[in-house]
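# Commentary on secondary and tertiary structure
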Amino acid sequence: MNEPLVEFRSVSIERTGQNVLEHVSLEIFRNEIVTVIGLNGAGKTTLLKAMLGIYKPTRGKIILRTKKIGYVPQKLQFDRTIPFSVLELLRMYSGKGADVVFQKSQEIQAEKLLEKKVGELSGGELQRVLLVNALLADPELLLLDEATSGIDVRGEQQFYTLIQQLHQTYRMAIVMVSHDIHTVFAQASRVFCLNRTLCCHGAPQDVSQNPEFVKLFGSYLAPYKHDSHD
Amino acid sequence: MIPMIDRIFEAFTFDFFLRALFVGSVLSVLCALLGNFVVLRREAVVSHAISHVGLLGIALGILLGIDVNIALFFAVIAGVFIILFFLRSQRFSQDSVLEFIAEMSLAGSIVVVSQMSGYRIDLMQFLFGDILLISERDVWFTVVLGFFVLFGLIFFHRPLSQALFNEELAKSAGVRVSLLHTFFLLLLAVVIAVGMKIIGALLLAAFLVIPPNTAKIFARNFRGMMIGSAVIAFIGTNIGLLGAYIFDVPSGAMVVLVLGGMFLVSAVATVRF
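Residues numbered from 1 in each chain as written. Chains lettered and ligands numbered in written order. Predicted model: local features only at pLDDT ≥ 70, side-chain atom pairs only at ≥ 80, totals over all residues.

### Some words on the overall build of chain B
Which entries qualify depends on this criterion: Strands here mean DSSP runs of E at least two residues long; helices mean DSSP runs of H or I at least four residues long; both are numbered from the N terminus. Two things to know: the radius of gyration comes from C-alpha atoms, and the globule rule equals 2.2 Å times the number of residues to the power 0.38. Backbone-placed C-beta atoms define the burial measure: a residue is buried with 20 or more other C-beta atoms within 10 Å of its own, exposed with 12 or fewer, and partly exposed in between. What counts as a contact here is a pair of residues whose C-beta atoms, placed from the backbone, lie within 7 Å.
In terms of helices and strands, chain B carries 13 helices and 0 strands. Element order for chain B, N to C, with α for helix and β for strand: α-α-α-α-α-α-α-α-α-α-α-α-α. Relative to the 2.2 N^0.38 estimate, which gives 19 Å for 273 residues, the radius of gyration of chain B is 19 Å and therefore close to what a compact globule would have. Overall, chain B is about 60 × 50 × 40 Å in size when its C-alpha atoms are taken along their principal axes. Taking all 273 residues of chain B together, the buried fraction comes to 49%. Contacts in chain B between residues far apart in sequence, at least 24 positions, make up 72% of those at least 6 positions apart.

Dropping the structure here:
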């Protein structure tokens, strides 16, 4: 098999005196879509930020075999009254010229947003812009942290379709953090189930039958019962 | 009307006023440029805290017989590292830390000055600004400072913007956010140290915040906001300093009133109902 693009060797991370990740060992390979699922506080975002080098492991080792990493954060906290144009923002973080930014924006139909102010974008538009920003890094590894939170169901489907298209075009490794189990299982080639430690991992159909996974997500997987309308 | 015009022409015959105009103009542009990043990061209270630490430095300088400029310079630098120490410990909220440092420094200054006789007027000048305080040495210091800060802003404009707009995106792009934030606060501290003489410790935050916010009303992008803020600050400061001379009022207060007036007129004129 290929050499992994990312390797976590028994990684533990402490934040403000508490263990956020404990002895996590995993491998991510080129050209695969991996989804990380877990309940709130399970360490999903910490895992991505450790891949980005924002959080350093307290114990263990992280081996990254690429420096080309694109990142789409869950939320972008900024002052919406500042008149940053989308073009300015993308040029600022990528360091690339206006022509390259325009070309990359065209690929995901975001070129009409370039002259808009970042503070005036809707949730879906902002995610598109952040995706362009991530792609401008020419990533071999794309990290999406609950990238569809704050987008309606239709927008969410369009976003995942776009991710699939990008994956086919660029053949990069994609790591998605998500809370929407049904969408996740339809998109991913492998699933990591996290609860501070790595509970289980593997192909979606295998993970869905794993007792650890059922214990964590059982109630979410049960069919939804409507109230009686008669 | 004619006596007022005479007063304006008269002002330009005095060396102290020309020095004040020069230092005020350079300082206004530097403050406005840095102010854009202060507004971007919502850190107006930081400048408030640094200027108050500077005030304590001046009071201690007078008490200990140290050159006031040197005491002020070291105090603001020390202030930056004290602020960063508390902020990075992540034990207290940012606004609590900054208010604590600002008010403790002001209280310390008052206690120190209360123990001295004859120096209260000196401290008043640093609280509200006085154009008579600008010496020839200050003019040269402002020239050097102007080059230093402009070089810093031009050379580090991109990483500074990255780090101050959104830390998470900056970190993911490999930007050393903590180092740049420290560098930015040191630039701010040095500008505040010089600005305290002409604008005063209590009013400096307004000097940093008002021009960028006025420019924001008209700007189509951040670059436009930066250029606009520098132009607005330059015009407002020169009108304010002239007003301070004509009406014989503290320079800092007059400049801030003019800048505030420009902001209010712009904000009201562009309200959409």
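### Let's talk about the overall build of chain A
Across its full length, chain A carries 8 helices and 9 strands. In summary, chain A has a C-alpha radius of gyration of 18 Å against a globular reference of 17 Å for 230 residues, a match within 12%. Buried residues in chain A amount to 40% of all 230 residues.

### Regarding the environment of Glu27(A)
Residue and element names in this part refer to chain A. One can find glutamate 27 in strand 2 (residues 18-28). Considering only alpha carbons, one finds glutamate 27 and asparagine 133, 106 residues apart in sequence, at a separation of 25 Å. Sequence-distant contacts of glutamate 27, defined by excluding residues within four places in its chain, comprise Pro4, Val6 and Glu7.

### Some details on the sheet that holds strand 7 (residues 173-177) of chain A
All names here are of chain A. Spelled out, the test is: Think of it this way: DSSP has to see at least two bridges between two strands before they count as a pair. Helix axes are fitted to C-alpha atoms over the stretch in contact, other axes to C-alpha atoms as well, and angles between N-to-C directions run from 0 to 180 degrees.
Read across the open sheet, the 6 strands follow the order 5-6-7-3-8-9; overall the sheet is mixed. This sheet does not close on itself; its edge strands, each paired only once, are strand 5 (69-72) and strand 9 (197-202). Averaged over all neighbouring strand pairs, the angle between strand axes comes to 15 degrees, with direction disregarded. As judged from the 4 bridges shared by strand 5 and strand 6 (residues 141-145), these two strands associate in the parallel manner.

### Things to note about the interface of chain B and chain A
The following threshold applies: Each residue gets one of three labels, nonpolar for Ala, Val, Leu, Ile, Met, Phe, Trp, Tyr, Cys and Pro, charged for Asp, Glu, Lys and Arg, and polar for the others, Gly among them.
The partner chain A presents 18 residues to the 20 residues of chain B that form the contact. Sorting the residues of the side of chain B that touches chain A by element identifies helix 8 (157-165), helix 9 (167-172) and helix 12 (222-247) of chain B as the ones contributing at least two each. Looking at side-chain class alone, the side of chain B that touches chain A contains 7 nonpolar, 6 polar and 7 charged residues.

### What about helix 4 (residues 68-89) of chain B?
All names here are of chain B. Keep this limit in mind: In a helix, the anticipated span is given by 1.5 Å times the number of residues less one.
Its 22 residues place the ends of helix 4 31 Å apart at the C-alpha level, agreeing with the 32 Å of an ideal helix rising 1.5 Å per residue. Every buried residue of helix 4 is listed here: Ala71, Leu72, Ala75, Val76, Gly79, Val80 and Ile83. Here the buried face of helix 4 lies against helix 3 (44-64), helix 5 (94-114) and helix 10 (177-198). Directly after helix 4, the chain includes glutamine 90, whose backbone phi takes a positive value near 55 degrees.

### Some words on helix 13 (residues 251-269) of chain B
Since there are 3.6 residues in each turn of an α-helix, residues three or four apart along the chain are aligned in direction. Helix length check: helix 13 of chain B (19 residues) gives 27 Å between terminal C-alpha atoms against 27 Å at 1.5 Å per residue, within 8%. Turning to helix 13 of chain B, its buried residues number three or more, namely Ser251(B), Gly252(B), Met254(B), Val255(B), Val256(B), Val258(B), Leu259(B) and Phe263(B).

### Focus on the nonpolar core
Put simply, the rule reads: To define a nonpolar core, we join buried Ala, Val, Leu, Ile, Met, Phe, Trp, Tyr and Cys residues through C-beta atoms within 7 Å and take the resulting set.
Counting 160 residues, the largest nonpolar core has Leu34(B) and Val191(B) as the members making the most contacts within it. Once residues lying within four places of it in the same chain are set aside, the contact partners of Leu34(B) are Leu187(B), Leu188(B), Val191(B) and Leu208(B).

### Looking at the confidence of the model for chain B
Caution is warranted with low-pLDDT regions, since their predicted coordinates should not be read in detail. All names here are of chain B. Convention followed: On a scale of 0 to 100, pLDDT captures the predictor's confidence in every residue.
Taken over all residues, the pLDDT of chain B has a mean of 88, while the share at 70 or more is 97%. Here helix 6 (residues 120-128) is the element of chain B with the lowest mean pLDDT, 72, and helix 12 is the one with the highest, 94. Scoring the predicted complex yields pTM 0.83 and, for the interface, ipTM 0.79.

### Some points on the environment of Val68(B)
All names here are of chain B. Topologically, valine 68 is positioned in helix 4. A residue is classified by how many C-beta atoms lie within 10 Å of it, and valine 68, with 17 of them, is partly exposed. Valine 68 sits 133 residues away from alanine 201 along the chain, and the two C-alpha atoms are 14 Å apart.

### Overview of the sheet that holds strand 4 (residues 59-64) of chain A
All names here are of chain A. The strand order across the open sheet formed by 3 strands is 2-1-4, and the pairing between neighbours is antiparallel. On the outer flanks of this sheet lie strand 2 and strand 4, each paired with one strand and no other. Within the sheet, the average angular offset between the axes of one strand and its neighbour, ignoring direction, is 25 degrees. Pairing of strand 1 (residues 6-15) with strand 4 involves 5 bridges; the strand directions are antiparallel. The residue bridging valine 6 from the neighbouring strand is leucine 64, located in strand 4. Across the sheet, helix 1 (residues 44-52) lies against strand 1, strand 2 and strand 4, angled at about 115 degrees from strand 1, the strand it touches most.

### Comments concerning the pairing of strand 7 of chain A
All names here are of chain A. With 5 of 5 residues buried, strand 7 lies mostly within the body of the structure. Burial along strand 7 is two-sided: the residues Ala173, Val175 and Val177 and Ile174 and Met176 are all buried. Bridging between strand 3 (residues 33-37) and strand 7 involves 4 bridges; their strand directions are parallel. In the strand pairing of strand 7, threonine 35 is matched with methionine 176. Taken together, the 5 bridges between strand 6 and strand 7 define a ladder with parallel strand orientation.

### Quick word on the packing of helix 11 (residues 204-218) of chain B against helix 13 of chain B
All names here are of chain B. Operational definition: Throughout this description, any angle smaller than 35 degrees is read as roughly parallel, any larger than 145 degrees as roughly antiparallel, any in the 65 to 115 degree range as roughly perpendicular, and the remainder as oblique. By convention, the crossing between two helices is left-handed when the near helix turns anticlockwise from the far helix through less than a right angle, and right-handed when the turn is clockwise.
Put simply, helix 11 and helix 13 touch, their axes get as near as 9 Å, and they point 25 degrees apart. Judged by the inter-axis angle, helix 11 sits roughly parallel to helix 13. For the pair helix 11 and helix 13, the sense of crossing is left-handed. Counting all contacts with helix 11, which are made through Ala206, Phe207, Ile210, Pro211, Asn213, Thr214 and Ile217, the residues of helix 13 involved are Val256, Leu259, Gly260, Met262, Phe263, Ser266 and Ala267. Per-class residue counts for the contact of helix 11 with helix 13 are 10 nonpolar, 4 polar and no charged.

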